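Architecture at a glance
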Amino acid sequence: MPGPSPGLRRALLGLWAALGLGILGLSAVAQEPFWADLQPRVALVERGGSLWLNCSTNCPRPERGGLETSLRRNGTQRGLRWLARQLVDIREPETQPVCFFRCARRTLQARGLIRTFREFCVATLILHYFPSVPRPRPRVPGYSPLGSSLAIPTPSLLGLVSLLSSVSNSSCSHLSERPDRVELVPLPPWQPVGENFTLSCRVPGAGPRGSLTLTLLRGAQELIRRNFAGEPPRARGAVLTATVLARREDHGANFSCRAELDLRPHGLGLFENSSAPRELRTFVLSPDSPRLVAPRLLEVGSEKPVSCSLDGLFPATEAGVYLALGDQRLNPYVTLEGDALMATATVTASAEQEGARQLVCIVTLGGESREAQENLTIYSFPAPLLNLSDPNAPEGKMVIVTCTAGARALVTLEGIPAAVPGQPAQLQLNVTENDDRRGFFCDASLEVDGETLSKNESAELRVLYGPRLDDADCPRSWTWPEGPEQTLRCEARGNPAPSVHCARPDSGAVLALGLLGPVTRALAGTYRCTAANAQGEAVKDVTLTVEYAPALDSVGCPEQLTWLEGTEASLSCVAHGVPPPNVSCVRSGEAKVVEGLLLVAREDAGTYRCEATNARGSAAKNVAVTVEYGPSFEELSCPSNWTWVQGSGQLFSCEVDGKPEPSVECVGSEGASEGAVLPLASSNPNPRDPSIASDLTPGIYICNATNRHGSTVKTVVVSAECERGPGGLEVRGGPRVPALPDAPYWMFAASPQMDESTCPSHQTWLEGAKPVALACTARGQPFPQVHCSREGAPQPERQRVSREDAGTYLCVATNAHGTDSRTITVGVEYRPVVAELAASPSSVRPGGNFTLTCRAEAWPPAQISWRAPPGALNIGLSSNNSTLSVAGAMGSHGGEYECAATNAHGRHARRITVRVAGPWLWIAVGGAAGGAALLAAGAGLAFYVQSTACKKGEYNVQEAESSGEAVCLNGAGGGAGGSAEGGPEAGAAAESPAGGEVFAIQLTSA
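Numbers given to residues run from 1 along each chain, matching the order in which its sequence is written. At least 70 in pLDDT is required for a residue's local features to be given in this predicted model, at least 80 for side-chain atom pairs to be given and counted, and no such filter applies to totals for whole chains, interfaces and linings, which use all residues. Side-chain measures here rest on the full set of heavy atoms in the structure, leaving out hydrogens and waters.

Let's shift gears to the overall build of the protein chain. Only DSSP runs of H or I covering at least 4 residues are called helices, and only runs of E covering at least 2 are called strands; the numbering of each starts at the N terminus. Of the regular secondary structure elements, the protein chain holds four helices and 77 strands. Taken over 1006 residues, the protein chain has a buried fraction of 42%. Looking at the protein chain as shown, the accessible area adds up to about 50,700 Å², and 50% of this sits on carbon and sulfur atoms. Any residue under 20% of the maximum accessible area for its type is buried, any over 50% is exposed, and the rest in between are partly exposed; the area is computed with a 1.4 Å probe on protein chains only. Here, Shrake-Rupley sampling with a 1.4 Å probe gives the accessible areas, and only protein chains in the shown set may cover a residue.

Attention now moves to the sheet that holds strand 62 (residues 710–721). Strand order in the open sheet formed by four strands is 58-62-61-60, with mixed pairing between adjacent strands. Where the open sheet ends on each side, the last strands, each with one partner, are strand 58 (641–645) and strand 60 (663–668). The sheet shows a mean angle of 30 degrees between the axes of neighbouring strands, direction not considered. Being paired, for any two strands, means DSSP has found at least two bridges between them. Relative to strand 62, strand 61 (residues 699–707) runs antiparallel, the two sharing nine bridges. Each bridged residue has a counterpart across the sheet, and for Thr-706 the counterpart in strand 62 is Ser-711. Axis geometry follows a simple rule: fit a line to the C-alpha atoms, using only the stretch in contact for helices, then measure angles between N-to-C directions, giving values from 0 to 180 degrees.

Moving on to the pattern of salt bridges. Two side chains of opposite charge can pair, provided their charged atoms sit close to one another. By convention in these notes, a salt bridge is any Lys or Arg side-chain nitrogen within 4 Å of a carboxyl oxygen on Asp or Glu. Taken as a whole and assessed by the stated rule, the structure comprises 50 salt bridges. We note a salt bridge from Glu-249 to Arg-247, for which the minimum N-O separation is 3.3 Å. A relative accessible area of 53% means that Glu-249 is categorised as exposed. For the salt bridge of Glu-767 with Arg-803, the shortest nitrogen-to-oxygen distance reads 3.2 Å. Of the two residues, Glu-767 sits in the loop between strand 66 (762–766) and strand 67 (779–781) while Arg-803 sits in the loop between strand 68 (785–790) and strand 69 (807–815), which places them 36 residues apart along the sequence. Classification of Glu-767 as partly exposed rests on a relative accessible area of 23%. On the accessibility criterion, Arg-803 (35% relative accessible area) is partly exposed. Each of Asp-553, Arg-867, Glu-896, Glu-898, Arg-907 and Arg-911 takes part in salt bridges that share partners, so that together they form one network.

Let us look at the side chain of Lys-540. Structurally, Lys-540 can be placed in strand 50 (residues 536–551). N or O atoms closer than or at 3.5 Å make up a polar contact, with two conditions inside protein: a donor-capable atom paired with an acceptor-capable one, and, for residues adjacent in sequence, both atoms drawn from side chains. At 2.4 Å, the side chain of Lys-540 and the side chain of Asp-471 are in polar contact.

Let's shift gears to the packing of aromatic side chains. In this description, a pair of aromatic rings is defined by centroid distance and the angle of the planes. Each Phe, Tyr or Trp ring (for Trp, its six-membered ring) is paired with any other whose centre lies within 6.5 Å, and the angle between the two planes then decides the class: stacked below 30 degrees, edge-to-face above 60, tilted in between. Inspection of the entire model under this criterion finds six aromatic pairs. When the centroid spacing of 5.8 Å and the interplanar angle of 90 degrees are considered together, the rings of Trp-190 and Phe-283 count as edge-to-face. Placement of the pair is Trp-190 in the loop between strand 16 (183–184) and strand 17 (191–192) and Phe-283 in strand 25 (residues 282–283), with a sequence separation of 93 residues. Side by side, Trp-190 and Phe-283 carry an identical accessibility label, which is buried. Over the face of the ring belonging to Tyr-830 we find Arg-803, whose NZ or CZ atom lies 3.6 Å from the ring centre. Note on geometry: a ring has a charge over it if NZ (lysine) or CZ (arginine) is within 6 Å of the ring centre and within 35 degrees of the ring normal.

In plain words, nonpolar cores are sets of buried Ala, Val, Leu, Ile, Met, Phe, Trp, Tyr and Cys residues tied together by side-chain atoms within 4.5 Å. Counting 27 residues, the largest nonpolar core has Leu-313 and Leu-323 as the members making the most contacts within it. Going through the elements one at a time, strand 28 (303–310), strand 29 (320–325), strand 32 (340–348), strand 33 (355–365) and strand 34 (368–379) are the ones with two or more residues in this core. For this analysis, residues touch if any pair of their heavy atoms sits within 4.5 Å. Not counting residues within four places of it along the chain, the set of residues in contact with Leu-323 comprises Leu-292, Val-306, Cys-308, Arg-329, Leu-330, Pro-332, Ala-345, Val-360 and Cys-361. Val-182, Phe-197, Leu-199 and Leu-261 belong to the second-largest nonpolar core, a separate cluster that totals 25 residues.

With respect to the helices, strands and loops of the structure, Asn-533 is situated in strand 49 (residues 525–533). Assessed through its relative accessible area of 15%, Asn-533 is described here as buried. Aside from chain neighbours lying at most four places away, what touches Asn-533 is Tyr-465, Gly-466, Pro-467, Gly-494, Asn-495, Pro-496, Ala-497 and Pro-498.

Turning next to the sheet that holds strand 31 (residues 333–337). Read across the sheet, four strands follow the order 26-28-32-31 without closing on themselves; strand pairing throughout is antiparallel. The open sheet has two edge strands, strand 26 (291–293) and strand 31, and neither has a second partner. When strand polarity is set aside, the average angle formed by the axes of neighbouring strands in this sheet is 15 degrees. Bridging between strand 28 and strand 32 involves eight bridges; their strand directions are antiparallel. Residue Ser-307 lies in a different strand from strand 32, and its bridge partner there is Thr-344.

What follows concerns the pairing of strand 9 (residues 106–111). Successive side chains on a regular strand alternate, one facing one side of the sheet and the next facing the other. Note: strand 8 (residues 98–103) against strand 9, six bridges, orientation antiparallel. The residue bridging Arg-102 from the neighbouring strand is Thr-107, located in strand 9. Between the end of strand 8 and the start of strand 9, which pair antiparallel, lie two residues, with Ala-104 showing a positive phi angle near 50 degrees.

Note on terminology: disulfide denotes any pair of cysteine sulfur atoms within 2.5 Å. Applying the stated criterion across every chain yields a total of 14 disulfides. Through a disulfide, Cys-474 is tied to Cys-490; the S-S separation comes to 1.9 Å. Sign of the S-S torsion, about -85 degrees for the bond between Cys-474 and Cys-490, identifies this disulfide as left-handed. With Cys-474 in the loop between strand 42 (451–468) and strand 43 (477–481) and Cys-490 in the loop between strand 44 (485–487) and strand 45 (493–495), the pair connects residues that are 16 residues apart, well separated along the chain.

We now examine unusual backbone geometry. Peptide bonds are, in most cases, trans, and in most cases residues other than glycine have a negative phi. Residue Pro-40 follows Gln-39 across a cis peptide bond; omega there is -10 degrees. Topologically, Pro-40 is positioned in the loop between strand 1 (36–39) and strand 2 (42–46). Cis geometry marks the peptide bond from Val-578 to Pro-579, where omega comes out at -5 degrees. The phi dihedral of Arg-105 falls on the positive side, at around 60 degrees, and the residue is not glycine. In this fold, Arg-105 is placed in the loop between strand 8 and strand 9. According to the relative accessible area criterion, Arg-105 is exposed, its value standing at 73%.

Attention now goes to the environment of Ser-286. Within the secondary structure, Ser-286 is located in the loop between strand 25 and strand 26. Once you skip the residues sitting within four places of it in the chain, Ser-286 turns out to touch Leu-310, Asp-311, Gly-312 and Arg-370. At 3.2 Å, the side chain of Ser-286 and the backbone nitrogen of Asp-288 are in polar contact.

Let us look at the confidence of the model for the protein chain. The predicted coordinates ought not to be read in detail in places where the model reports low pLDDT. Along the chain, pLDDT gives the predictor's confidence residue by residue, from 0 to 100. Summing up the model confidence of the protein chain, the mean pLDDT is 78 and the portion of residues at 70 or higher is 77%. This model gives residues 21–31 a pLDDT under 50, and the stretch forms nine contacts once residues within four places in sequence are excluded. Ignoring residues within four places in sequence, the model shows residues 723–747, a span with pLDDT below 50, making 30 contacts including any to other chains.

Let's shift gears to the environment of Ala-349. When you line up the elements, Ala-349 lands in the loop between strand 32 and strand 33. In this structure Ala-349 touches Leu-298, Glu-299, Val-300, Gly-301, Ser-302 and Ile-378, once residues within four positions along its chain are discounted.

Laid out in structure tokens, this is it:
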């Protein structure tokens, strides 16, 4: 058996020398008070390995310290009396590190020995430790006596260390070699799934083999593991082989071999090494041929898609596709779905390729391939040519249609084929309006490879003709409900396409055709639509009717009406609406409808319910009717003879019937009572009413009752009674007079007398009322007779009062004692009539100015009021309201205006419609101005105008704000009548209280 190698001998000699130095150093340290120590003192390190050294001292406060060595250092840790340092990549065969500290002006040192090895002897070292007093050692982090280095420490305890070695030339009988080389035999490039392949691992030179273990791995999974225990000690190297079945999941897996040399039983470590991993690629390729889809025929200049697909591929991502048409290689786009592959490409045919060609598809995977082929024929077939001699021909012109194609193609024009292939087909026609947009079709056919191919061409003929306005495209009448948005359409036929323009013949207001807009009443009317193009024009009148639900406002149907007894009146409520509403009024609690003229009686007063109905809805309103009448005396309520008993405290009661309630005044007419006023008892007694004076003068009194509908007089004889005293009558507080026992107390003769109280100089009659006598009486005894005549002629007999009855009358009072006369001026008042309502100018365009003039006939003079369309702004009025003017007219100013004339006897109104361009024109032309007008109209601005005389009136402002009108409650509130412009005047005016005053009010919403 050979002896140990020279390197091993040197290592052993160094070991013995180190042990001897350690013993000597230990004895020296034991004699010194302070020392330095290095652990480990002696270390065997595998070449290229690393080692931690711990340098320490027992000096309480060392000045400085360190570790001197030529080896590379990786990290250092320090304490007050120690330091630890890691040495790395140790390759020098032998080195001596020195640990030193400076303590009490002395230098303390400890020297160590580090040897490296590669080839080593497996030996047994027996260490004997003799315990002594322990000496503390700082702990070195990470230090371990085992591992890749063999550390043989000097005794760390005070005592003797005896190291005996049994190593001899005969005991170091074998050497160990690390498994530095671990090789895995290369795998095949591709391995079919389901077939076996061989894994072979070689570890040359490693040993001894008996301490070696080999493992074959798939990733981290152990496939097979084998140790070589029992092999001879000198055996070196090992081989491990295994057969493995390839699977799909093995594709891309890494196979490797791991070698383990376990020398731990010999006091050394476990040495491991692994081979470089080798990747296995497995595959599956279907035995079927690819499926090739391609057209059988392909025209020159055209492009067609072709596809090649194959299922059952794994991994499909590794498959390659070759696609070619003849010698032209295509560039396919490959898509994958699971184990399926599809390659698509576009084939473009050129003239050089005309004829039969072969399309080839080859799919390769894992060094194997599958192939498919298809035949493809490339042909040339130009499209036919279709020509019109005049594509845009005027009506009545002759047009020639020609169809041609290639030399081998047969053409057909409008179903009629050419005589032989290669010849053209032709058609002639005299065009009319019905030929406009007529299509012509030319077909060409060609036979290729047993298949008949066809192509066609079409052309459209345009015939030029003048406009046509048909009822289907432009109806003569439109009827729309108010409010919803509508699109006005009036379309004309013609070529070129005609332009259509619709406008009012009177005002020029234009309809914007084709635009969506709200329907308003201002759009209603007749429009003239003109369609024009280069071939002529056509004209048509159309009527637009806007329907809307009825509305009963305070002007057309006032809440309160006042009638005069004895006159004719009608309960006429005028409602606005289209179609014209049907208005019916019934008295509350009754079912009979009030119709026609009524001869007004007092029992006609009450509340009536008026309802207006049309196809768009209904509206209802309550109307309160008041019947007024002139004053009249009744004997029971106002006796002709009244006896006053002196001291009784009684007042003369004279109640007069009349509405409104008449005022009554009794004035003495002659004798001692002339000019005296007779106190009257109030209908509502008051304790504070004055009592009759004790010196009331008996006599004849004329009582005059007056209200706004007339006056009447009555003669009352007032007598007095008192106690009869001796020698005559005694009047308390008065003179004594002789007694006339057989005669009335007051009896005397007097000539007639008339004054303002008995015969007013100015009297008023109402036109249409029943004739009444002049209110003229005289005082006198006997009672005078009064006769009145006009300008010396008797008053003619009339059924009704007329305006001709106005004038100067002479009234003469006569009795047996004389005469008296008085001149009376009679005025006849009558209801108002709007005699004229006109607009200037007659045509209003947006932005222009216009004026409305209203003239009324009435007595007393009528107050003029206006009603404008909702949303109309910037309206000006003259001082007497007879003229309404607008500057800068907008669409909101268009619509119906009403002028009403009102006096104490009634009301009359007329309406006129002003046409300004509607909302569609604002959108089409007006731009921002149109939008502002629409915004203003939407704000609900109300405007209402009445006469300027109602300075004492009361106004229902809340109602006015909601309805767009201001209502004068304490003024003229007569019924509304009137007619549309140019129509008959329906009088239908209601009475109103005399003396009522109204004025103009304008409400502007913020």
